[in-house]
Amino acid sequence: MKTEIMLALYRYLKKDFSEKNQLKQIQMLRTILEINQNVVREGISKIEDYEYNIINFPMLGKGLTLVREGQEPQVIESILINTAFANDVDLLESLLVLEGVSSIQMLRPADVTKELLLSYFSFNMQDHLRRNLQDLKIDFSQPLNKNELRKILEDVGI
């Protein structure tokens with residue numbers, strides 16, 4: 001993502017560091033990785049299985065719809081940035097959606113997408129999420145429950 005876009009997002013979008021918001025963003029991270037993994041395996045048409053079922057993440061749903069419609073990456077990025085500003089979407093959510101949708105569109109391997117998305121979290125949180133994803137042998141088809149998400153946040157002191 002271009003530096004000037006990152007600076008604009010950082011300057012103008014709200015920053016919510018609450019536990020509730022972080023739990024939501026971790027869940028969205030898992031959702032993006034699941035979608036990415038399935039799209040790489042089965043093709044872009046697999047997006048249809050997800051785009052209308054992501055009620056808690058409307059910006060992600062919008063991005064997936066644009067990818068399925070075959071829009072150009074720059075057009076998708078512009079629409080999602082405008083959507084983030086117009087709807088006062090949280091900074092972390094905006095960055096995760098922009099990076100996740102781009103990865104899905106480019107058919108990046110899920111492990112590369114995971115590293116890109118984790119890079120938006122602190123080192124401590126990244127390490128902890130990696131360990132928990134590995135130790136729990138998480139199947140991306142099943143979302144983490146709230147207790148698992150809380151445990152992750154508690155273990156890193158949030």
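It should be emphasised that the depicted structure is a prediction, and the values quoted were computed from it without experimental measurement.

Reading guide: rules and limits
- Residues numbered from 1 in each chain as written.
- Predicted model: local features only at pLDDT ≥ 70, side-chain atom pairs only at ≥ 80, totals over all residues.
- Heavy atoms only, no water.
- Helix = DSSP H or I, 4+ residues; strand = E, 2+ residues; numbered from the N terminus.
- Buried < 20%, exposed > 50% of the residue type's maximum accessible area, 1.4 Å probe, protein only.
- Arc of directions from axis to C-beta.
- Salt bridge = Lys/Arg side-chain N within 4 Å of Asp/Glu carboxyl O.
- Core = buried A, V, L, I, M, F, W, Y, C linked by side-chain atoms within 4.5 Å.
- Axes fitted to C-alpha atoms, helices over the stretch in contact; angles between N-to-C directions.
- Parallel < 35°, antiparallel > 145°, perpendicular 65-115°, else oblique.
- Left-handed = near helix turned anticlockwise from the far one by under 90°.
- Contact = heavy atoms within 4.5 Å.
- Nonpolar A, V, L, I, M, F, W, Y, C, P; charged D, E, K, R; others polar.

A.B. asks: Requested: an account of unusual backbone geometry, with residues and values cited.
C.D. replies: Residues apart from glycine generally show negative phi values, whereas peptide bonds are mostly found in trans. The phi dihedral of aspartate 88 is positive, around 50°, even though this residue is not glycine. Following the sequence through the fold, aspartate 88 ends up in the loop between helix H4 (73–86) and helix H5 (91–106). The phi torsion at leucine 107 lies on the positive side, around 55°, for a residue other than glycine. Along the chain, the position of leucine 107 falls in the loop between H5 and helix H6 (110–118).

A.B. asks: Requested: an account of H6, with residues and values cited.
C.D. replies: Residues of H6 that are buried: Ala110, Thr113, Leu117 and Leu118. Along the axis of H6, the buried positions cluster into a sector of 130°, meaning they face one direction only.

A.B. asks: Go over the pattern of salt bridges, please, and point to the residues and values.
C.D. replies: On inspection of all chains with the given rule, the structure shows four salt bridges. In this structure, glutamate 42 engages lysine 46 in a salt bridge whose closest nitrogen and oxygen atoms are separated by 3.5 Å. Given a relative accessible area of 48%, glutamate 42 falls into the partly exposed group. Between glutamate 99 and arginine 108 there is a salt bridge, with the nearest N and O atoms lying 3.9 Å from each other. With respect to burial, glutamate 99 and arginine 108 carry one shared label: buried.

A.B. asks: I'd like to hear about the nonpolar core, residue by residue, with values.
C.D. replies: Nonpolar side chains tend to gather and get buried jointly when the protein is soluble and globular. Core analysis: the biggest nonpolar cluster contains 39 residues, and Leu9, Leu60, Leu64 and Phe121 have the highest contact counts within it. For this core, the secondary-structure elements that each account for two or more residues are helix H1 (3–12), helix H2 (19–42), helix H3 (58–68), H4, H5, H6 and helix H7 (123–135).

A.B. asks: Let's hear about the packing of H2 against H6: which residues, and what values?
C.D. replies: Interhelical geometry of H2 versus H6 gives an angle of 155° and a closest axis separation of 9 Å. What the angle tells us is that H2 and H6 run roughly antiparallel. Pair H2 / H6 crosses with right-handed handedness. Packed against H2, whose contacting residues are Leu29, Ile32, Leu33, Asn36 and Gln37, the element H6 presents Ala110, Thr113, Lys114, Leu117 and Leu118 at the interface. Here the residues of the contact of H2 with H6 sort into six nonpolar, three polar and one charged.

A.B. asks: Summarise H3; cite the residues concerned and give the values.
C.D. replies: Here H3 lies mainly inside the structure; eight of its eleven residues are buried. By the burial criterion, the buried members of H3 are Met59, Leu60, Gly61, Gly63, Leu64, Thr65, Leu66 and Val67. Those residues of H3 that are buried lie in contact with H2, H4 and H5. Just past H3, the residue glycine 70 takes up positive phi, approximately 85°.

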